[in-house]
Each structure stands twice: as C-alpha cells, then as structure tokens.
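Chains, contacts and geometry: an overview
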Amino acid sequence: MGVDSGLPDFRGDTGFWRAYPLYQRLGISFVDAANPEHFEHDPAFGWGFYGHRTNLYRATVPHAGFALLRDWAARYGLDLFVATSNVDGQFQKAGFPEQAVLEFHGSIHHLQCTGPCCDRIWDNREAFRIDEETMRADHVPLCPRCGRAARPNILMFGDYAWIGDRTQRQQEHFRQFLSRHLGRRITVVELGAGTAIPTVRAASERIGSLSGARVIRINPREPQIRQPHLSLPCGAVEGLSGIERMLRLAAT
C-alpha cells in the first residue's frame, strides 16, 4: 500500500538494498537490519535504520487510494476497519480513525524500553539526523524510567522484548468489529499482502471463508486466490482506481 506513495519496497533483499545501498555493501539484509539486538549492542546503528524510516514516514503524503477507501465507506454507509502489517502510520495520517486500525506488527510512531524495564509505551516525538554514509543516528532516545536505550514499538525479527499491549487492544477492537458483522456481507480489500510474512494474507483468507464474505486481492506479484474471490494483478492505486471506475459505471 505504501509503495504507491513512494515508500520503499522491502520485499526481498533486492528491494531493501535498492533503498539502502550501504547495507548491501555491508552484507546486511532487511532481516538483519530489523533486528532488536542492534538496540542492545549498538543503538545508534539501530536508530540509523529506524530513524531514517521515521523521517521518511513523517514526510510521506498518503496516495489517492487511501482517500478512495474512506470515500467508499462514506458514500455507501459502510462500517470499515483497517488491519495492516505496515508500521508507517499512513492510514491514520490519511484520516482513518485510530480506533478502527489494527497494526499487527506495531508502529514506528511509538517507543518502548529496550529491556523492557516496564510495559510503558510512549509517542515517538524524536527528531533524527542520519549519517547516510554510516547509517548511524545522531542520538539515541532513552527510556524515561530506567535510562536505557529506547526502541520502536515494532515486532522485529527474533524479537522477545516487544510490548504488544497496544496491538492487543487493537486486536480486541477488530474482534468486536467482526462480531458486529457476523453473518452479514463483508468485503475484504487486500492490498499488497504477500506470502513471505503472511499475517494480513492469512487474516483475509480466514475472513473470506465466512458465509457472505468476499476478498478482493490486489497484488502485482502474488495475486492468486480461489474463486469466488477476486484477483487483481496490479498495484494499489491502479486496482482501487479500477474499482472506482466500475462503481461509477454501475451507478449510471
């Protein structure tokens, strides 16, 4: 979903290295960079990656597809909920209400203690300058309670210290949303959810197995889905814009 807003595609090492060529020279993959051990042993290097991403996500303007989704909900009087594996906060930035968003893997816009010394999560209000020759941050945020390095409240690879309380509350909101619509018609618009990290894809298929549910899978690389669900082998903006054209034609 974020790629059409100009955000880098981290799918596979090639996409990651295209966005961060220094890591290719160092032989560091996305899995290596997104490792909580950096915050234990070299937090300035860990924040080089996540600080850069923080700056990037703050500067990015959500593309027109976000507005289309919100417009459909308003136009047709639909209840709507977002479930995303992205950590960039683009749905909230595009105007989706906080209580209607589930971020499976957390958010870069919230911090926690590396330890952690407690279950506290707080807003990421840090400003970072990144030396892109070394991918090191100019400073390391600290836990206000114990003074240890802070880290993003994101579920990373091999992560045993992630505080998932905020995501668990979001998951409860999502369960309540699904319960309200049990037995009713429901449409899942799935955007770019791949098989490498299948969190969203699995959720779509689980909901799609319910009576009266349909999945529209929009994916330029892995669009396959069984009937009666719909497969659109394209990017987010192209797929959403195509649906909008069909809705307009059907209304005429």
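Cut-offs and rules
- Residues numbered from 1 in each chain as written.
- Predicted model: local features only at pLDDT ≥ 70, side-chain atom pairs only at ≥ 80, totals over all residues.
- Heavy atoms only, no water.
- Helix = DSSP H or I, 4+ residues; strand = E, 2+ residues; numbered from the N terminus.
- Buried < 20%, exposed > 50% of the residue type's maximum accessible area, 1.4 Å probe, protein only.
- Contact = heavy atoms within 4.5 Å.
- UniProt positions renumbered as here; feature names shortened; annotations may be inferred.
- Pairing = 2+ DSSP bridges.
- Axes fitted to C-alpha atoms, helices over the stretch in contact; angles between N-to-C directions.
- Parallel < 35°, antiparallel > 145°, perpendicular 65-115°, else oblique.
- Left-handed = near helix turned anticlockwise from the far one by under 90°.
- Nonpolar A, V, L, I, M, F, W, Y, C, P; charged D, E, K, R; others polar.
- Core = buried A, V, L, I, M, F, W, Y, C linked by side-chain atoms within 4.5 Å.
- Salt bridge = Lys/Arg side-chain N within 4 Å of Asp/Glu carboxyl O.
- Phe/Tyr/Trp six-rings, centres within 6.5 Å; stacked < 30°, edge-to-face > 60°.

The name given to the protein in an unreviewed UniProt entry is protein acetyllysine N-acetyltransferase, with Geomonas oryzisoli as the source organism.

Side note on the environment of Arg120
Within the secondary structure, Arg120 is located in the loop between β3 (106-113) and β4 (121-123). The class of Arg120 is partly exposed, set by a relative accessible area of 45%. Residues Arg120 and Pro144, 24 residues apart in the sequence, show an inter-C-alpha distance of 9.7 Å. Not counting residues within four places of it along the chain, the set of residues in contact with Arg120 comprises Leu111, Gln112, Pro144 and Ile163.

Some points on the UniProt feature "binding site: Zn(2+)" (unreviewed entry) in the protein
Those places that UniProt annotates as "binding site: Zn(2+)" (unreviewed entry) correspond, in this numbering, to Cys113, Cys118, Cys143 and Cys146. Taken along the chain, the residues just named run across 34 residues; in space they keep tight, none of their C-alpha pairs more than 9.7 Å apart. With respect to the helices and strands, Cys113 occurs in strand β3. Given a relative accessible area of 1%, Cys113 falls into the buried group. Here Cys113 is in contact with Trp122, Cys143, Cys146, Arg148, Ala149 and Arg151, once residues within four sequence places are set aside. We classify Cys146 as partly exposed; its relative accessible area is 37%. With near-sequence residues (within four places) excluded, Cys146 lies in contact with Cys113 and Cys117.

Brief notes about the sheet that holds strand β7 (residues 150-154)
Spatially, β4-β3-β7 is the arrangement adopted by the 3 strands of the open sheet, whose pairing is antiparallel. With partners counted over all chains shown, the strands left at the sheet margins are β4 and β7, one partner each. Between one strand axis and the next, the sheet turns through 50° on average, direction left out of account. The pairing of β3 with β4 spans 3 bridges and is antiparallel. Bridging from a neighbouring strand, Gln112 pairs with Ile121 of β4. Of the strands in this sheet, β3 and β7 touch helix α5 (residues 43-59), which is tilted by about 135° from β3.

Things to note about the UniProt feature "active site" (unreviewed entry) in the protein
Mapped onto the present numbering, the UniProt feature "active site" (unreviewed entry) falls at His105. Structurally, His105 is set in the loop between β2 (101-103) and β3. In this structure His105 comes out as buried when scored by relative accessible area, which is 15%. Excluding its chain neighbours within four sequence positions, the residues that come into contact with His105 are Ser85, Val87, Asn153, Ile154, Leu155, Trp162, Ile197 and Thr199.

Points about the packing of helix α6 (residues 64-76) against helix α10 (residues 236-251)
Relative orientation of the contacting elements α6 and α10 amounts to 30°, with a least axis distance of 9 Å. Relative to α10, the element α6 lies roughly parallel. As for how α6 packs across α10, the hand of that crossing is left-handed. On α10, the residues touching Gly65, Leu68, Leu69, Asp71, Trp72, Arg75 and Tyr76 of α6 are Val237, Leu240, Ser241, Ile243, Glu244, Leu247 and Arg248. The residue inventory of the contact of α6 with α10, partitioned by class, reads 8 nonpolar, 2 polar and 4 charged.

Structural notes on the nonpolar core
Within the largest apolar cluster, 29 residues are counted, with the highest numbers of intra-cluster contacts made by Phe10, Phe16, Tyr20, Tyr23, Trp47, Phe49 and Tyr50. Where this core is concerned, the elements lending two or more residues are α2 (21-26), α3 (30-33), α5, β3 and β7. Sort the elements by how many residues they give to this core and α5 lands first, with 5 residues. Apart from the residues lying within four places of it in its own chain, the contact partners of Tyr23 are Phe16, Trp17, Ile28, Phe45, Gly48, Phe49 and Met135. If you look at the next biggest cluster of nonpolar residues, it comprises 17 residues, including Val101, Ile218, Ala236 and Leu240.

Description of the pattern of salt bridges
Tallied over the full model, the rule gives 15 salt bridges. Ionic contacts of the salt-bridge type, sharing partners, join the residues Asp71, Arg75, Glu244 and Arg248 into one network.

Points about the packing of aromatic side chains
For the structure on display, the rule yields 19 aromatic pairs. On the basis of an interplanar angle of 90° and a centroid distance of 5.9 Å, the ring pair of Tyr23 and Phe49 is categorised as edge-to-face. A residue pair is termed long-range when its members are at least 10 positions apart, and Tyr23 in helix α2 and Phe49 in helix α5 qualify at 26 residues. For the pair Tyr23 and Phe49, a shared accessibility class is recorded, and that class is buried. Considering the side-chain rings of Phe81 and Phe174, the 5.0 Å spacing of their centres and the 35° angle between planes classify their relative orientation as tilted. Linking Phe81 in the loop between α6 and β1 (82-84) with Phe174 in helix α8 (residues 165-180), this pair joins segments that are 93 residues apart in sequence. Of the two residues examined, Phe81 and Phe174, each falls in the buried class. Chaining the aromatic ring pairs together yields one cluster made of Phe16, Tyr20, Tyr23, Phe30, Phe39, Phe45, Trp47, Phe49, Tyr50, Phe128 and Phe157.

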